[in-house]
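Reading the structure
Residues per chain, in single letters:
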Amino acid sequence: MPDRAGAETVYVDDANPPFMYGKHGRALGIYPDLVREIYHRANLPVTVSAVPWKRALDDAANGMNSIAGVYQTPARRDTFAFTHLIYVEDLMVYQKLDHPVSLNSIDDLNGHTIGTVRGWNYGQLFNQHRKQGRFAISEAASDRQNMQMLAMGRVDMVIAIREAGNETLRRLGLDDVIKASQQPLFSYPTFIAVNRKATTATLIPVLNQAILDMRKDGTWTRIVNEALNHPVLQSD
């Protein structure tokens, strides 16, 4: 719900640092900070709300709200209008150092149990392999839970965004036990998705101009770097 009259609500994940997370009732991270600046430049009031990712997707799809840090899929294009990309996420495969598997393609996941985050879409190719039963899936609520499961040997591998996965390992003190693959399994651009029923859907060009301006004047890079080095992250 908006915290002031007329504000657009933009949902983000509450458990995906450093990209987006909730702390003390406030949405923090790269995407919330980018969204606030984008809407500020577009002269549009905004409330950024951090909630569980599945709820963010469901509520945004069923209501008049928007969502940030989301991938485009054919089904989502029917419901949402998308801005220019705001980031490119590299999805890495994480393994325990004492049980490494050579990873050169998605076929190397075959026969293993993979930790994923509930509600996340890992792309068409991943979904096809999953439906064909080439590997098993273990869904958790967050990267943190997945990495803990991996450390205990309950899953064989975990897929996570590079920055988020590395930050989670640092927080858990597992960065000398678990390592990421050398190359990403997939790379996906992320966007702000505005429900087509919302009045702000017609203002996508204004949001896009704000994104372009932020990239040109260095604001986008500054916000990303500051979010990656946020003192909240460093002290957790």
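Not measured: the values here are computed from a predicted model.

A word on the overall build of the protein. Looking only at helices and strands, the protein features 9 helices and 13 strands. Against the 2.2 N^0.38 benchmark of 18 Å for 236 residues, the protein shows a C-alpha radius of gyration of 18 Å, consistent with a compact globule. Taken along the three principal axes of its C-alpha coordinates, the protein extends 55 × 40 × 30 Å. Residues classed as buried in the protein amount to 49% of the 236 residues present. Look at the contacts in the protein between residues 6 or more apart in sequence, and 73% of them connect residues 24 or more apart. Carbon and sulfur atoms make up 49% of the accessible area of the protein, which amounts to about 11100 Å² in all.

The next point concerns the pairing of strand 3 (residues 20–23). As defined by bridge partners, strand 2 (residues 15–16) adjoins strand 3 across 2 bridges and the pair is classed as antiparallel. Its bridge partner lying in strand 3, Ala-15 is registered against Tyr-21. Once strand 2 ends, the chain turns through 3 residues before running back antiparallel as strand 3. With 3 bridges connecting them, strand 3 and strand 4 (residues 26–28) associate as antiparallel partners. Paired with Lys-23 across the bridge in strand 4 is Arg-26.

Once that is clear, we can look at the sheet that holds strand 2. Pairing within the open sheet is antiparallel, and its 3 strands lie in the order 2-3-4. Looking along the sheet, the strands with just one partner apiece sit at the ends: strand 2 and strand 4.

Nonpolar side chains tend toward joint burial in soluble globular proteins. The biggest cluster of nonpolar side chains holds 62 residues, and the ones touching the most others in it are Leu-34, Ile-38, Tyr-39, Ile-67, Leu-109 and Ile-159. Setting aside residues up to four positions removed in sequence, Ile-38 forms contacts with Ile-86, Ile-192, Leu-207, Ala-210, Ile-211 and Met-214. By size, the runner-up hydrophobic cluster in this structure holds 10 residues, among which are Val-158, Ala-160, Leu-169 and Leu-174.

Attention now goes to the pattern of salt bridges. Taken as a whole and judged by the stated rule, the model has 11 salt bridges. One salt bridge in this structure joins Glu-37 and Arg-41, with 2.7 Å as the shortest N-O distance. Of this pair, Glu-37 and Arg-41 both sit in helix 1 (residues 30–41), 4 residues apart, roughly one helical turn. Note that Arg-130 and Glu-139 form a salt bridge whose closest N and O atoms lie 3.8 Å from each other. Residue class for Arg-130 comes out partly exposed when judged on its relative accessible area of 36%. One network of salt bridges, in which partners are shared, links Glu-37, Arg-41 and Asp-217.

What follows deals with unusual backbone geometry. Residue Pro-17 is joined to Pro-18 through a cis peptide bond whose omega torsion reads 5°. Examined against the element boundaries, Pro-18 turns out to sit in the loop between strand 2 and strand 3. Of note, the phi angle at His-24 is positive, near 55°, even though the residue is not glycine. Within the fold, His-24 resides in the loop between strand 3 and strand 4. We classify His-24 as exposed; its relative accessible area is 79%. Its identity is not glycine, yet Asn-43 carries a phi of approximately 60°, on the positive side. Within the secondary structure layout, Asn-43 lies in the loop between helix 1 and strand 5 (46–51). On the accessibility criterion, Asn-43 (67% relative accessible area) is exposed.

Conventions we followed
- Note on numbering: residues in each chain are counted from 1, in written sequence order.
- Side-chain atom pairs in this predicted model are given and counted only at pLDDT of 80 or more, local residue features only at pLDDT of at least 70, and totals for whole chains, interfaces and linings cover all residues.
- The side-chain numbers reported here are obtained from all heavy atoms of the structure, hydrogens and water having been left aside.
- Numbering of helices and strands starts at the N terminus; helices are DSSP runs of H or I of at least 4 residues and strands are runs of E of at least 2.
- C-alpha atoms define the radius of gyration in this analysis, and the globule rule sets the expected value at 2.2 Å times the number of residues to the power 0.38.
- Throughout, exposure labels follow a simple rule: accessible area from a 1.4 Å probe, protein chains only, divided by the maximum for the residue type, with under 20% read as buried, over 50% as exposed, and the rest as partly exposed.
- Whether two residues are in contact is decided by their heavy atoms: any pair within 4.5 Å suffices.
- In this description, accessible areas are obtained by the Shrake-Rupley approach with a 1.4 Å probe, and a residue is regarded as covered only by the protein chains that are shown.
- Here, a strand pair is defined by DSSP locating no fewer than two bridges between the strands.
- Grouping buried Ala, Val, Leu, Ile, Met, Phe, Trp, Tyr and Cys residues that are joined through side-chain atoms within 4.5 Å yields what is termed a nonpolar core.
- Within this document, salt bridges are pairs made up of a side-chain nitrogen of Lys or Arg and a carboxyl oxygen of Asp or Glu, the two lying within 4 Å of each other.

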